[in-house]
Amino acid sequence: MTDQIDIPARTLSDGTTLPELGFGTYNLRGSAGAESIAAAVRSGYRLVDTAYNYENEGAVGAGITASGIDRDELRVTSKLPGRYHRYDKAVQAVEESLYRAGLDHFDLYLIHWPNPKQDVYVEAWQALIDLRERGLLRSIGVSNFLPEHLDRLHRETGVTPSVNQIEIHPWFPQDDQIAANTERGIAVEAWSPVGRNSQLQEEPVVTEIAQELGRSPVQVILRWHLMRGTIPLPKSADPARQRENLDVYDIELSEEQMARIASLAKPDGRLAGQDPAEYEEF
């Protein structure tokens, strides 16, 4: 393995680009978090994913600075929480996030959750559209949105999200949701791509395929994501694991291996039991 792994880029519907594999920063905070983020960027990650609710936008900014990598090489994402869906609050939240991160723009900014019972996500979306016009955001998208939410955004504003970040992993592959997003020209990112605090990596199917390929279970799962066209966002504080998670470009899963992984899908596969149609706190 070389000192740095180059990750292929994907072109989004708005003409901007994203690396096809990113780095999640959930729970990476303070100086230790900043050091982990800096190590990840030095290893080759160029897509860094945070959120207002992660309470670590400052650590992300510090990690980016400490990495020594030019800001223009990076794609930094953050997300708007549900309590700030009103237009003026959304604008202020984005501005404050940029101040905390020490950045002059986000490359991608998402509405974290539709909060349909509150039902002001279109107002939040209009704020993001206007912030993009101001140059504070380069690309705008959503997270945990269902097709009916996506269609309403386009119908009422004329602007379709460039990205929808949703929960995807072998227990919860979301085939229908991926197809619905792809049909609308929306790139799909995967949060919790290898399971969060779960036993997914110990599934016999996954460990058997890992043994067949001489790789780790996590590498097998990440390659599964890439072969399905989704953008996984694995998280690790360990530099060696960070690099291992990037080293997936010489792996090829056979159709039979992909089918075996597909057999792991469960009707109740969500890790947290969170339904975008119901959940209100994000």
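A brief structural summary. Residues take numbers from 1 onward in each chain, read along the sequence in its written order. Where totals are concerned, whole chains, interfaces and linings use all residues; where local detail is concerned, this predicted model gives features only for residues with pLDDT of at least 70, and gives and counts side-chain atom pairs only at 80 or more. The basis for every side-chain value is the complete set of non-hydrogen atoms in the structure, without hydrogens or water.

## Considerations on the overall build of the protein chain
Scanning the protein chain from N- to C-terminus turns up ten helices and ten strands. Computed over its C-alpha atoms, the radius of gyration of the protein chain comes to 18 Å, within 12% of the 19 Å expected for a compact globule of 282 residues. Taking the principal axes of its C-alpha atoms as reference, the protein chain extends roughly 55 × 40 × 30 Å. Using a 1.4 Å probe on the protein chains alone, a residue whose accessible area is under 20% of its type maximum counts as buried, one over 50% counts as exposed, and one in between counts as partly exposed. For the protein chain, the residues scored as buried account for 57% of the 282 residues in total. The numbering of helices and of strands both runs from the N terminus, where a helix is a DSSP run of H or I of at least 4 residues and a strand a run of E of at least 2. C-alpha atoms define the radius of gyration in this analysis, and the globule rule sets the expected value at 2.2 Å times the number of residues to the power 0.38.

## Regarding the nonpolar core
Working definition of a nonpolar core: buried Ala, Val, Leu, Ile, Met, Phe, Trp, Tyr and Cys residues. They are joined through side-chain atoms within 4.5 Å. In this structure, Trp-125, Leu-128, Leu-137 and Leu-253 are the most contacted members of the largest nonpolar core, which totals 71 residues. Looking at this core element by element, the count peaks at eight residues for helix H4 (residues 121-134). Excluding residues that lie within four positions of it along the chain, Leu-128 makes contacts with Val-94, Tyr-109, Leu-110, Ile-111, Leu-137, Ile-140 and Gly-141. Listed in part, the nine residues of the second largest apolar core include Leu-12, Ala-187, Ile-231 and Leu-233. Note on contacts: a residue pair is in contact if any heavy atoms of the two residues lie within 4.5 Å.

## A word on unusual backbone geometry
With a phi close to 60°, Asp-119 is a non-glycine residue in the positive phi region. Topologically, Asp-119 is positioned in the loop between strand E6 (106-111) and H4. Overall, the relative accessible area of 37% leaves Asp-119 in the partly exposed class. Not every positive phi belongs to a glycine, and Ser-192 is a case in point at roughly 50°. Counting through the fold element by element, Ser-192 comes out in the loop between strand E9 (187-191) and helix H7 (204-213). Judged by its relative accessible area of 8%, Ser-192 falls in the buried class.

## As for the pairing of strand E8 (residues 163-167)
Burial within E8 is extensive, with five of its five residues counted as buried. In this structure, strand E7 (residues 137-143) lies alongside E8, joined through two bridges in parallel fashion. Looking at the pairing, Val-142 lines up with Asn-164 of E8. As a crossover connection, the stretch from E7 through helix H5 (residues 147-157) into E8 is right-handed. Between any two strands, pairing holds if DSSP finds at least two bridges. Relative to E9, E8 is paired through five bridges, and the arrangement is parallel. Looking at the pairing, Glu-167 lines up with Trp-191 of E9. Crossover handedness for the path E8 to helix H6 (residues 175-183) to E9: right-handed. By the criterion used throughout, a crossover qualifies as right-handed when its path from the first strand across the helix to the second strand runs clockwise, the strands pointing away from the viewer.

## Observations concerning the sheet that holds E9
Backbone hydrogen bonds are what pair the strands of a sheet, in a parallel or an antiparallel way. Read from one edge to the other, the open sheet built from eight strands follows the order E3-E4-E5-E6-E7-E8-E9-E10, with strand pairing classed as parallel. Each of the sheet's edge strands pairs with one partner strand only, and the pair in question is strand E3 (23-24) and strand E10 (231-232). Note that E6 and E7 share five bridges and pair parallel. Note that in E7 the partner of Leu-110 across the bridge is Gly-141. The axes are straight lines fitted to the C-alpha atoms, using for helices just the contacting stretch, and the angles between their N-to-C directions are given from 0 to 180°. Across the sheet, helix H3 (residues 87-101) touches strand E5 (75-80), E6 and E7, and the angle it forms with E6 is around 140°.

## Here we look at the environment of Arg-83
Within the secondary structure, Arg-83 is located in the loop between E5 and H3. Judged by relative accessible area, which is 45%, Arg-83 ranks as partly exposed. Measuring from C-alpha to C-alpha, the distance between Arg-83 and Thr-25 comes to 21 Å, with 58 residues separating the pair along the chain. Setting aside residues up to four positions removed in sequence, Arg-83 forms contacts with Tyr-52, Asn-53 and Lys-89. A polar contact of 3.0 Å, which involves the side chain of Arg-83, links it to the side chain of Asn-53. Any N or O atom pair separated by 3.5 Å or less is treated as a polar contact, with the protein-specific requirement of one donor-capable and one acceptor-capable atom, and with residues adjacent in sequence counted only for side-chain atom pairs.

## Quick word on the packing of helix H2 (residues 57-67) against H3
The interhelical angle for the contact between H2 and H3, taken along N-to-C directions, is 45°, at an axis separation of 7 Å. By the angle class used here, H2 and H3 are oblique. Between H2 and H3, the residues in contact are Glu-57, Gly-58 and Gly-61 and Ser-97, Arg-100 and Ala-101, respectively. In what follows, roughly perpendicular refers to angles from 65 to 115 degrees, roughly parallel to angles under 35, roughly antiparallel to angles over 145, and oblique to any angle outside these ranges.

## A few points about the packing of H7 against helix H8 (residues 217-228)
Put simply, H7 and H8 touch, their axes get as near as 8 Å, and they point 95° apart. As judged from the angle between their axes, H7 and H8 are roughly perpendicular. The segment H7 lies against H8, with Val-206, Thr-207, Ile-209, Ala-210 and Leu-213 engaging Pro-217, Val-220 and Ile-221. Residues are grouped as follows: Ala, Val, Leu, Ile, Met, Phe, Trp, Tyr, Cys and Pro are nonpolar; Asp, Glu, Lys and Arg are charged; every other residue, Gly included, is polar. Here the residues of the contact of H7 with H8 sort into seven nonpolar, one polar and no charged.

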